[in-house]
Amino acid sequence: MARERPPEEEPAPRDREPDGLYGRLKEFEGRPAATAGVGKDPVNEPMIRHWCEAMGDANPAYAGPDAIAPPTMLQAWTMGGLSGHTDRSAAYEELFGLLDGAGYTSVVATDCEQEYLRPLRPGDRITFDAVIESVSPRKTTRLGTGYFVTTRMDVRADGETAGTHRFRILKYAPAARRRAEREEPPREKRLRPRPVVNRDNAGFWRGVAEHRLLIQRCGDCRTLRFPWLPGCNACGCQEWDTVEASGEGTVFSHVVMHHPPFPAFAAEEGGGPYAVALIELAEGVRMVSNVVGVPYDKVRTGMPVRLEFLRTDPDLELPVFRGDEG
């Protein structure tokens, strides 16, 4: 199951006004969004390997002669890639054309739900059908006013049902922003986002408060893992302890964020650009963080970095890495 939090809904008088468009949109429920779709590639080992490397998932079930694909790759085998989809139905195009024509031209993915019924294995040929499952009444969110559209995809492997994938988006008209907000955002908009602290990662953030970068270590196979997880992704053991990182590392890869500007991410409150890097620690695990101390355009793959702790505001301190151009 994969899920993201939808945009926060706000009560709005407009939501209670008569909505003539909604009746027309409801007529699309149950109509096909794609029929007899075919995956562009069969399930294959290279894509599984790339996925596992990107996710840091070393589960042995995903390698070897009896390998299966990670269940959360279900959607990957149906995606259209850069060349796009050629199997969308006329009903799907008509629905979104209707929304665009009514001014709901922006789109954001809000959440997805997956159900796994059969493991996928290298060589499986993927086919699928999709249906427009539901269109919500008009809603007002922080992003703007619009409609939540849910499609359900039924995925088959060599003709056998393998899983379902529900994907929900918000088609909306962006909310107008006041000029004062654009020119001078309130204090909370100038703060960095707060980390989500839960029972699975609370120990990591306690370590940060003590200026220690803690890495989980499996209590059975002793594999190190980061980010923190409730169980070992190598052997499944739920027992663990921690080791403290030395603080040494190198830039494994990086991107430079240019837009949109976030004032909290630049010392001069200009909003960027700034470098975000995947840091490979000396212990062998990787983590995402900012590179500081060098210009954003001087950050390079392989650059040595050293851990330090950056206080971004009175209530937040974060682990970052200082680069060494030399």
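In this report, we go over the structure that sits alongside the text. (Residues numbered from 1 in each chain as written. Predicted model: local features only at pLDDT ≥ 70, side-chain atom pairs only at ≥ 80, totals over all residues. Heavy atoms only, no water.)

For the rest of this paragraph, the subject is the overall build of the protein chain. What the protein chain contains, in helices and strands, is five helices and 14 strands. When burial is assessed residue by residue, the protein chain has 37% of its 326 residues classed as buried. Sequence separation of at least 24 residues holds for 68% of the intrachain contacts in the protein chain that already meet a minimum separation of 6. (Helix = DSSP H or I, 4+ residues; strand = E, 2+ residues; numbered from the N terminus. Buried < 20%, exposed > 50% of the residue type's maximum accessible area, 1.4 Å probe, protein only. Contact = heavy atoms within 4.5 Å.)

A few words on the nonpolar core. One finds L25, I48, W77, L95 and L120 to be the most contacted residues of the largest nonpolar core, which totals 35 residues. Of all elements in the fold, only α1 (20–26), β1 (32–38), α2 (45–55), α3 (90–101), β3 (126–135), β5 (144–157) and β6 (160–174) reach the threshold of two or more residues within this core. Tallying contributions element by element places α3 first for this core, with six residues. In contact with L120, other than residues within four places in its own chain, are V43, I68, A69, L74, W77, I126, A157 and A162. Listed in part, the 24 residues of the second largest apolar core include L214, M303, V305 and F309. (Core = buried A, V, L, I, M, F, W, Y, C linked by side-chain atoms within 4.5 Å.)

The strand order β8-β7-β9 describes an open sheet built from three strands, whose pairing is antiparallel. One side of each edge strand has no neighbouring strand; the edge strands of this open sheet are β8 (224–225) and β9 (240–244). As paired strands, strand β7 (residues 214–218) and β8 are joined by two bridges and run antiparallel to one another. In the strand pairing of β8, Q216 is matched with R225. (Pairing = 2+ DSSP bridges.)

On to α3, then. Because an α-helix packs 3.6 residues into every turn, residues spaced three or four apart end up facing the same way. If you check α3, its first and last C-alpha atoms are 16 Å apart, about what twelve residues at 1.5 Å a residue would give, namely 16 Å. For α3, the set of buried residues is A91, Y92, L95, F96, L98 and L99. Buried residues in α3, looked at end-on, bunch into an arc of 150°, giving them a common side. Away from the buried face of α3 by more than 90 degrees, exposed residues A90 and G101 are located. Contacts made by the buried residues of α3 are with α1, β1, β3, β5 and β6. Residue G103 follows α3 closely and has a positive phi angle near 100°. (Expected span 1.5 Å × (residues − 1). Arc of directions from axis to C-beta.)

Under the counting rule described, the total for this entry stands at 19 salt bridges. Of the charged contacts, one joins K26 and E29 as a salt bridge, the two residues approaching to 3.0 Å between their closest N and O atoms. Here R194 and D313 are joined by a salt bridge, their closest N and O atoms 2.6 Å apart. On the criterion of sequence distance, the pair formed by R194 in the loop between α4 (179–183) and α5 (202–209) and D313 in strand β13 (residues 304–313) is long-range, its members being 119 residues apart. Taking relative accessible area as the criterion, D313 reaches 7% and is therefore assigned buried. Through salt bridges that share partners, E133, R152, D154 and R166 make up one connected network. (Salt bridge = Lys/Arg side-chain N within 4 Å of Asp/Glu carboxyl O.)

This next bit is on the packing of aromatic side chains. Tallying each qualifying case throughout the model produces six aromatic pairs. Between the aromatic rings of W228 and W240, the centroid separation amounts to 5.1 Å while the plane-to-plane angle is 65°, which identifies the pairing as edge-to-face. One end of the pair, W228, is in the loop between β8 and β9; the other, W240, is in strand β9, and twelve residues separate them in sequence. A connected cluster of aromatic rings, assembled from ring pairs, spans F204, W205, F226, W228 and W240. The side chain of R286 reaches across the aromatic face of F252, ending 3.6 Å from its centre. (Phe/Tyr/Trp six-rings, centres within 6.5 Å; stacked < 30°, edge-to-face > 60°. Lys NZ or Arg CZ within 6 Å of the ring centre and 35° of its normal.)

Another point: the pairing of β3. Two elements, β1 and β3, share four bridges in a ladder whose sense is antiparallel. Bridged to V38 within β3 is T127. Relative to β5, β3 runs antiparallel, the two being bridged by nine bridges. The residue of β5 that forms the bridge with V135 is V149.

All right, on to the environment of P261 then. Mapped onto the elements, P261 comes out in the loop between β10 (248–257) and β11 (274–281). Separated by 13 residues in sequence, P261 and Y274 place their C-alpha atoms 9.5 Å apart.

Right, let's talk about the side chain of K171 for a bit. Within the secondary structure, K171 is located in strand β6. We classify K171 as buried; its relative accessible area is 5%. A polar side-chain atom of K171 sits 3.2 Å from the main-chain carbonyl oxygen of Y104. Those residues in contact with K171 that lie beyond four places of it in its chain are F96, L99, D100, Y104, T105, S106, V107, T145, G146 and Y147. (Polar contact = N/O pair within 3.5 Å; in protein donor to acceptor, adjacent residues only side chain to side chain.)

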